[in-house]
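# Examining the three-dimensional arrangement
Residue strings, one per chain:
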Amino acid sequence: QVQLVESGGGSVQAGGSLRLSCAASGGTFSRYDMGWFRQAPGKAREFVAVIRWSGGNTYYADSVKGRFIISRDNVKNTVYLQMNSLKLDDTAVYYCAAALTASSIVTYTSQYDYWGKGTQVTVSS
């Protein structure tokens, strides 16, 4: 059983930056592809970014491409999401998730096995 705990959320003005962290425990971190998702009020949870188990491959939603960077440290069992040039539309609860290594990039919530409880990111004008 893998436990995931997100941190680093908060309030920031548009154009600013935040770095989210997700610490994993209870499993072999390097076996999992790690993803970030977000959910805004009244909306479905949506894919943001994913990084393969080795850290070699990453994939982003079009809405964050060029602004967000996902990375991982398999020694610290942590995945990060660096968020730059934040926009009002980035306001949401951000969740990290773990998926046992798949043959391809996983972007659907149903493909993930473990979830954190989320961290709030609020972007204001």
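Counting starts from 1 at the beginning of each chain's written sequence and moves along it residue by residue. Since the coordinates come from a predicted model, pLDDT governs what is reported: local features require at least 70, and pairs of side-chain atoms require 80 or more to be given and counted, while whole-chain, interface and lining totals use all residues. Side-chain numbers here rest on the full set of heavy atoms in the structure, without hydrogens or water.

### Side note on the pairing of strand 5 (residues 46–51)
Categorising residues by exposure relies on relative accessible area from a 1.4 Å probe, with only protein chains included: less than 20% of the type maximum marks a residue as buried, more than 50% marks it as exposed, and the intermediate range marks it as partly exposed. The helix count covers DSSP runs of H or I at least four residues long, the strand count covers runs of E at least two residues long, and both are numbered beginning at the N terminus. Among the six residues in strand 5, five count as buried, and that is most of the element. Each pair of strands is called paired provided DSSP finds at least two bridges between the two strands. Across five bridges, strand 4 (residues 32–39) lies against strand 5 in antiparallel orientation. The residue bridging Gly35 from the neighbouring strand is Val50, located in strand 5. Adjacent in sequence and paired antiparallel, strand 4 and strand 5 are bridged by six residues, among which Gly42 carries a positive phi angle near 80°. Relative to strand 6 (residues 58–60), strand 5 is paired through three bridges, and the arrangement is antiparallel. Bridge pairing links Ile51 to Thr58 in strand 6.

### Describing the state of the cysteines
One covalent bond between the sulfur atoms of two cysteine residues makes up a disulfide. In this description, the term disulfide denotes a pair of cysteine sulfurs within 2.5 Å. Enumeration over the complete set of coordinates arrives at one disulfide. For Cys22, the disulfide goes to Cys96, at an S-S distance of 1.9 Å. Of this pair, Cys22 sits in strand 3 (residues 18–25) while Cys96 is found in strand 9 (residues 92–100), placing the two residues 74 residues apart along the sequence. By relative accessible area, which is 0% here, Cys22 ends up buried.

### Considering the environment of Gly35
Within the element layout of this structure, Gly35 appears in strand 4. For the pair Gly35 and Val106, spaced 71 residues apart in sequence, the C-alpha to C-alpha distance is 8.1 Å. Residue contacts for Gly35: discarding those within four places in its chain leaves Ala49, Val50, Tyr95, Cys96, Ala97 and Tyr112. Contact definition: two residues touch when any of their heavy atoms are within 4.5 Å.

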